[in-house]
Amino acid sequence: MSEGENLSKKHLRKRLSSYWKMEVGNALLLPAFMVFACSSLDQPMSWWLAFACLPMCGLLVLGGLYWRAKLHQLGGQSETLKSFLPMADKWQVPLAALSALAVAVAAGAWLLDLGASTGDTVCITVAAVLAGLEYINYYHRQLQHFDHPADFKRLMSGRGFARAQMAVDLAKFRRKS
């Protein structure tokens, strides 16, 4: 392996190491921040907020597990990814359904006054939108392009959004199954 390839792998390992921790951390921090924001602003919360956070957190954890598996694969441990992909495949439809329901709950919070307060309604909406975006980002198209110059350059070149890396890996998994 050339020195350039070694540096590239080292840089990729560093990125993946932070990605998986950031995704799992956000699964804990985002709901905590929402509860803190509502509580400190005396905004009552409904159970709809917990429901909207469920797919968001599930997808963030899924993303964290995926990037951790990719990090292991880069280190020569392909078994982690091989055991992850069947689980990600199995959860695709339930996560899509939960995300769609969370978006419906967010719409209901605005249109039917389902939220217990304005703060609750805003947090429900944020959680639902993030769930939908994370679902697309992992199962369909890579939406995140701001943290890696090559991705940003691709987006700015007009070639559109790249296929999500997990979607590529799931397609390979499904062909082998």
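Residues numbered from 1 in each chain as written. Predicted model: local features only at pLDDT ≥ 70, side-chain atom pairs only at ≥ 80, totals over all residues. Heavy atoms only, no water.

*Asks:* Pulling in residues and values, what's your account of the overall build of the protein?
*Replies:* Of the regular secondary structure elements, the protein holds 6 helices and 0 strands. Across the protein, helices and strands are ordered from the amino to the carboxyl terminus as α-α-α-α-α-α. Summarising the internal contacts of the protein: among those between residues at least 6 apart in sequence, 70% fall at separations of at least 24. As displayed, the protein has an accessible area near 10,300 Å², and 66% of this comes from carbon and sulfur atoms. (Helix = DSSP H or I, 4+ residues; strand = E, 2+ residues; numbered from the N terminus. Contact = heavy atoms within 4.5 Å. Areas by Shrake-Rupley, 256 points an atom, 1.4 Å probe, with all protein chains shown as cover.)

*Asks:* Please provide a residue-by-residue account of the packing of aromatic side chains, values included.
*Replies:* Under the defined criterion, the tally for this structure stands at 6 aromatic pairs. Centroid distance W67 to Y138: 6.4 Å. Interplanar angle 55°. Geometry classified as tilted. Of this pair, W67 sits in helix 2 (residues 47-74) while Y138 sits in helix 4 (residues 118-139), and the two are 71 residues apart along the sequence. Members of the aromatic cluster, connected to one another through ring pairs, are Y19, Y66, W67, F84 and Y138. Over the aromatic face of W20 sits the side chain of R68, whose NZ or CZ is 5.5 Å from the ring centroid. (Phe/Tyr/Trp six-rings, centres within 6.5 Å; stacked < 30°, edge-to-face > 60°. Lys NZ or Arg CZ within 6 Å of the ring centre and 35° of its normal.)

*Asks:* Can you break down the nonpolar core residue by residue, with the values?
*Replies:* Of all hydrophobic cores here, the largest spans 37 residues; its most connected members are M56, L62, F84, Y139 and M166. Broken down by secondary-structure element, the contributors of at least two residues to this core are helix 1 (3-40), helix 2, helix 3 (79-111), helix 4 and helix 6 (165-176). If you tally residues by element for this core, the top one is helix 2, at 13 residues. Not counting chain neighbours up to four residues away, the residues in contact with Y139 comprise L59, L62, A88, W91, Q92, L95, A164, M166, A167 and L170. (Core = buried A, V, L, I, M, F, W, Y, C linked by side-chain atoms within 4.5 Å. Buried < 20%, exposed > 50% of the residue type's maximum accessible area, 1.4 Å probe, protein only.)

*Asks:* Tell me what's going on with unusual backbone geometry, and back it up with residues and numbers.
*Replies:* Of note, the phi angle at D42 is positive, near 55°, even though the residue is not glycine. Note on placement: D42 falls in the loop between helix 1 and helix 2. If you check the backbone angles, D113 has positive phi at about 60° while not being a glycine. Mapped onto the secondary structure, D113 falls in the loop between helix 3 and helix 4.

*Asks:* Please provide a residue-by-residue account of a positive patch on the surface, values included.
*Replies:* On the surface, a cluster of positive charge is contributed by R141, R163, K172, R175 and K176. Structurally, R163 is set in the loop between helix 5 (149-156) and helix 6. (Patch = residues over 30% accessible without salt bridge, like charges linked within 9 Å, V, L, I, M, F, W, Y side chains within 5 Å. Salt bridge = Lys/Arg side-chain N within 4 Å of Asp/Glu carboxyl O. Lys, Arg positive; Asp, Glu negative; His and termini not counted. Charge placed at Lys NZ, Arg CZ, Asp CG, Glu CD.)

*Asks:* Break down the packing of helix 2 against helix 6 for me, citing the residues and quoting the values.
*Replies:* Relative orientation of the contacting elements helix 2 and helix 6 amounts to 70°, with a least axis distance of 11 Å. Comparing their axes, helix 6 and helix 2 come out roughly perpendicular. Here helix 2 contributes L62, Y66, W67 and K70 to the contact with helix 6, which in turn contributes Q165, M166 and D169. Split into classes, the residues belonging to the contact of helix 2 with helix 6 amount to 4 nonpolar, 1 polar and 2 charged. (Axes fitted to C-alpha atoms, helices over the stretch in contact; angles between N-to-C directions. Parallel < 35°, antiparallel > 145°, perpendicular 65-115°, else oblique. Nonpolar A, V, L, I, M, F, W, Y, C, P; charged D, E, K, R; others polar.)

These figures come from the coordinates and say nothing about function on their own.
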